[in-house]
Amino acid sequence: MEHAPNFLASLVIGLAAAFAFGLAARALRLPPLVGYLVAGVAIGPHTPGMTIDGEFTRTMAEAGVGLLLFGVGLHFQPRDLLAVWRVAVPGAMAQVAIGTLLGAALGMTLPGLGFGPALVFGLALAIASTAVATRALEERGHLSGEAARIALGWLVLQDLLVVLGLVLVPAASGGQESGLLAAVLLALVKLAAFAGIMLVVGRRVLPWALRQVARSGSRELFTLAVVVVALGVAFEAASLFGVSFALGAFFAGAILGESDLGHQAAAETLPLQRIFAAIFFVSVGMLLDPFRVLDAPVTSVLALLVVLVGTGGATFALLVALRVAPATAAVVAAALAQVGEFSFVLMELAIGQGILPEALRGPILMGSFGAILLMPLTFRALTALAARLPGRAPPAEDGRSRLLAQLPRMEGHAILVGYGRVGVLVAAALRRHNLPLIVVEDDRHRSEVLGRQAVPVLWGNATQAEMLEAAHISRARLLIVTLPLAWEARRVVELARAANPGIEVAVRAHHDSEVEWLNAQDSTGLAVMGEREVALGIADFAMQRMGVATSTAQATVDVLRKRRVADAAVAGLGV
Ligand code: AMP
C-alpha cells in the first residue's frame, strides 16, 4: 500500500508526459513515438526535475510490449510466415550475422573487450525492435501489405535468435562448453514444446473459449477475456518455457488471428495497446542518460552507424538480392533499421553477468535512440535509393496477398453493415444476383448463421476502422449501412470515406437531419429514412382502401417522399 500513491503518480505523470511530448512531436511532423522517447528522458532519473518510478514503468512497459506483439500476432497469419519463409529465414539469419560481426568489430576496438563479449555487443546492435518496427509500419499504412509480412517474418526469426542469445549469455559466463551446448538444447526443446502446445492445444482451446464468452453477449467480458489470453499466454511462455514474454504474446495473437475472432479481438485491444505502447517508449527513454552518452561520443556514433548499416543497409541489400522489389525492400529495411527492447534486455543481462562493461550501455542506447529518431530520414533515404535501382514493378499485391484468411480477395464488392431486419433483405437481393458481398455484423449468432451459408462475414463492431479495413474497404464499390443507431451509422460512413473517398454509400436513417447530413457529404449516395418508407407504405394502402385511385395515391406518395416530416406536420398535406 505504501507504494500506491507513487505508482499512481508515475502512471499519471508518465502518460501525461507521453501525451504532451507526443503532441509536440506531431507539431514538428515527427512520429509520436519520438515524443514518447523524449518524454521518457525528461521524466527519467538521469535528467533533473521530476522522476517517476522506474521499476513500475518497466513492468507496465513489459505488459505494453506483450499487448503490442499480441496485436501484431493477430494480424499475422502463420500462412503469411510460410509465404515469406524463403526470404525471411535466409535473409534474417544473414542480416543478424552481418550486423553482429559489424558490431563485434566495433567492440573489438574498445579496450579490454574480448571476442566473446564483443559478439554479445554486436548481437545487441543487430536485433530490431518489433514494437518500433510495427509502429513505424502502421504509421505509414504498411501494416497489411507484403512489406509487413516480410518484416514480421524477419522479426520473428530475430526474436528466436535473441531467445537463444538470452540463454547463451549466462551459460557462456559460466565458462563450460558442455554446459553451453546443454543450455542451447534445453532452450530449443522448451521453445519447441511451447510452440507445439500452442499449435495443438491452444489453437483449439483458446478460440473455443473466447467464442463461448462472445456468445454470452457481454462485450466487457470479451475484452477482458482477450487481454487475459494475451498476457496469460505470454506469462506462461516466459515462466514455464523460458520463451520471451513478447514472443509468447505474439504466439497467442497469431493463434487467435487465424480464427474468425481475430478482428474483433484486435479492435477491442487496440486502445489498450496504444496506451501501453506509449508507456513502453517512455520507459525506453528513461534508460537514456544524455550526459553519459557524451562520455563516449565516438563509440556512440559508430554504434548508431552499425545499426543503420548492419541492419538497415544489410536488410535492404539482402532483400534486393533475394529478388524482393526494391520499393518493398526499402520499407522493410527502414522499419528494421533500429534496435529496441530485446537489445536492452540482452545488454542488461550481459552487464549484470559482468560480460559487458557498464560503459557500453551509453553506445547501445544511443544506437537505439538515434536510429529511432532518424527513422523518418531512413525511410526517405531508402525509398529514394529504391527508386534509383533498375526496378521491377512496385510490389503489386500478388496472388498470395490476403488480408484475411477467411475472406476471399474481393474487388468492386459491396460491404453490408448490419444483418438485422434491414440487412437480411438487402443481402438476399444481392445474393440472388450473385453480387460480391461482405457482411459486417456485430451479433455473434447472426454472423455464425451467415458464415454457415458460406457468405463472407466479419463478426465485430463496424464503427472500428479495423473492421472496415478487413472488409477491404479501399477496394469496395458500395457501402450499405443498415445500423439502427444514427451516430454509429455516421461514424461508419466517415471511416469508410477516410479509407475510400470515392465510395458510394447507402444509409438507413431515422430522421430527416440524418438524410440531410448524408446529402451534404460530397459523395454520391442514398439515405433512406426507414420511418418514411413505413409511413408511405401504410399511407398508400390507406388511400386506396378509402377509394383513392391507384395512380393518384402513387402521386401523393411521390410528393410526400420528397418532403421533410416536420414540414408535412406543419403544412398538412397541401398536395
Ligand atoms: P435491425 O435494426 O433489425 O436491422 O438490426 C440491425 C443489425 O445491425 C443487428 O443485427 C445488429 O446486431 C447489427 N449492428 C448494430 N450495431 C452494429 C455495429 N456497430 N456494427 C455491426 N453491426 C451492428
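Remember, it's a predicted structure, so these values are computed and weren't measured experimentally. (Residues numbered from 1 in each chain as written. Predicted model: local features only at pLDDT ≥ 70, side-chain atom pairs only at ≥ 80, totals over all residues. Heavy atoms only, no water.)

Draft legend 1. How the structure looks around the side chain of histidine 413. Along the chain, histidine 413 falls in the loop between α17 (375-388) and β1 (414-417). With sequence-adjacent residues up to four places away left out, histidine 413 is seen in contact with Pro436, Leu437, Ile438, Ala471, His472, Arg475, Ala476, Arg477 and Leu478. (Helix = DSSP H or I, 4+ residues; strand = E, 2+ residues; numbered from the N terminus. Contact = heavy atoms within 4.5 Å.)

Draft legend 2. How the structure looks around helix α13 (residues 297-321). Between its first and last C-alpha atoms α13 spans 34 Å; for 25 residues at 1.5 Å apiece the expected length is 36 Å, and the two agree. Along its length, α13 shows its largest kink, about 25 degrees, at alanine 314. Looking one or two places after α13, you find arginine 323, whose phi comes out positive at around 65 degrees. (Expected span 1.5 Å × (residues − 1). Bend = angle between axes of the 7 residues up to and from the residue.)

Draft legend 3. Local environment of the site of the ligand. Taken together, 17 residues are adjacent to the ligand, and Arg421, Glu441, Arg446, Asn461 and Arg508 come closest. Within the backbone of aspartate 442, one N or O atom sits 3.2 Å away from a nitrogen atom of the ligand. One of the backbone N or O atoms of alanine 462 is found 3.0 Å from a nitrogen atom in the ligand. Here the ligand loses 88% of its free accessible area of 510 Å² to cover by the protein chains. Of all elements in the fold, only α18 (421-432) and β2 (437-441) reach the threshold of two or more residues within the shell around the ligand. Its residues assigned to classes, the shell around the ligand shows 6 nonpolar, 4 polar and 7 charged. (Near = heavy atom within 4 Å. Polar contact = N/O pair within 3.5 Å; in protein donor to acceptor, adjacent residues only side chain to side chain. Areas by Shrake-Rupley, 256 points an atom, 1.4 Å probe, with all protein chains shown as cover. Nonpolar A, V, L, I, M, F, W, Y, C, P; charged D, E, K, R; others polar.)

Draft legend 4. Looking closely at unusual backbone geometry. Of note in the backbone geometry, asparagine 434 takes a positive phi value of approximately 55 degrees without being a glycine. Residue placement: asparagine 434 occurs in the loop between α18 and β2. Backbone geometry places histidine 472, a non-glycine residue, at a positive phi of 60 degrees. If you trace the backbone, histidine 472 turns up in the loop between α20 (465-470) and β4 (478-481). Judged by relative accessible area, histidine 472 falls into the buried class, the value being 5%. (Buried < 20%, exposed > 50% of the residue type's maximum accessible area, 1.4 Å probe, protein only.)

Draft legend 5. Broad picture of the nonpolar core. The biggest cluster of nonpolar side chains holds 96 residues, and the ones touching the most others in it are Ile150, Phe281, Leu319 and Leu356. When residues no more than four places from it in sequence are discounted, the contact partners of leucine 356 are Leu113, Pro117, Val120, Phe121, Ala350 and Ile351. Judged by nonpolar contacts, the second largest core, of 35 residues, contains Ala63, Ala214, Val233 and Trp459. (Core = buried A, V, L, I, M, F, W, Y, C linked by side-chain atoms within 4.5 Å.)

Draft legend 6. Molecular detail of the pattern of salt bridges. Evaluated as defined, the whole model comprises 11 salt bridges. Here arginine 564 ties to glutamate 516 by a salt bridge, and the two come within 2.2 Å at their closest N and O atoms. Of this pair, arginine 564 sits in the loop between α24 (550-561) and α25 (565-571) while glutamate 516 sits in helix α22 (residues 512-520), and the two are 48 residues apart along the sequence. (Salt bridge = Lys/Arg side-chain N within 4 Å of Asp/Glu carboxyl O.)

Draft legend 7. Quick peek at the pairing of β2. Most of β2 is tucked away: 5 of the 5 residues are buried. Side chains Leu437, Val439 and Glu441 of β2 all project onto a buried face; the interleaved residues Ile438 and Val440 project onto the opposite face, where all are buried too. In terms of strand pairing, β1 meets β2 through 4 bridges, oriented parallel. Residue pairing across strands places leucine 416 opposite valine 439, the latter belonging to β2. A crossover links β1 with its parallel partner β2, the connecting element being α18, and its sense is right-handed. Pairing between β2 and strand β3 (residues 457-459): 3 bridges, direction parallel. Within β3, the position partnered with valine 439 by the bridge is valine 457. (Pairing = 2+ DSSP bridges. Right-handed = clockwise from strand over helix to strand, strands pointing away.)

Draft legend 8. Spatial organisation of the domain arrangement of the protein chain. When its domains are assigned, the protein chain resolves into domain 1 (7-387) and domain 2 (410-573). Taking only C-alpha atoms into account, the centre of domain 1 sits 44 Å from that of domain 2. On the side of domain 2, 12 residues touch domain 1, which itself brings 12 residues to the contact. Summed over both partners, the interface of domain 1 with domain 2 buries about 1100 Å², with 52% contributed by carbon and sulfur atoms. It is Arg215, His263 and Gln264 in domain 1 that bury the most area against domain 2; as a group they hold 45% of the surface buried on that side. Where domain 1 packs against domain 2, one counts 2 salt bridges. In this structure, glutamate 448 engages arginine 215 in a salt bridge whose closest nitrogen and oxygen atoms are separated by 3.0 Å. Looking at the side of domain 1 that touches domain 2, the elements that each hand over two or more residues are α8 (177-215), α9 (219-241) and α11 (262-287). Per-element accounting of the side of domain 1 that touches domain 2 gives the leading share, 4 residues, to α11. (Domains from an automatic or database assignment. Buried area = accessible area lost by both parts, 1.4 Å probe.)

Draft legend 9. Broad picture of the sheet that holds β1. Taken in spatial order, the 6 strands of this open sheet run β3-β2-β1-β4-β5-β6, and their pairing is parallel. Bordering the open sheet on either side are β3 and β6 (525-529), each of which pairs with just one other strand. Recorded for the sheet is a direction-independent mean angle of 15 degrees between the axes of neighbouring strands. One ladder, built from 4 bridges, connects β4 with strand β5 (residues 504-509); its direction is parallel. Note on β5: the bridge partner recorded for valine 481 is valine 507. (Axes fitted to C-alpha atoms, helices over the stretch in contact; angles between N-to-C directions.)

Draft legend 10. Layout of the packing of α13 against helix α16 (residues 361-373). Their axes nearest at 8 Å, the elements α13 and α16 cross at an angle of 50 degrees. Considering their axes alone, α13 and α16 lie oblique with respect to each other. Crossing of α13 against α16: the hand is right-handed. Only Gly362, Pro363, Met366, Gly367, Gly370 and Ala371 of α16 make contact with α13, whose side of the interface consists of Thr299, Ser300, Ala303, Leu304, Val307 and Leu308. Taken together, the residues of the contact of α13 with α16 sort by class into 7 nonpolar, 5 polar and no charged. (Parallel < 35°, antiparallel > 145°, perpendicular 65-115°, else oblique. Left-handed = near helix turned anticlockwise from the far one by under 90°.)

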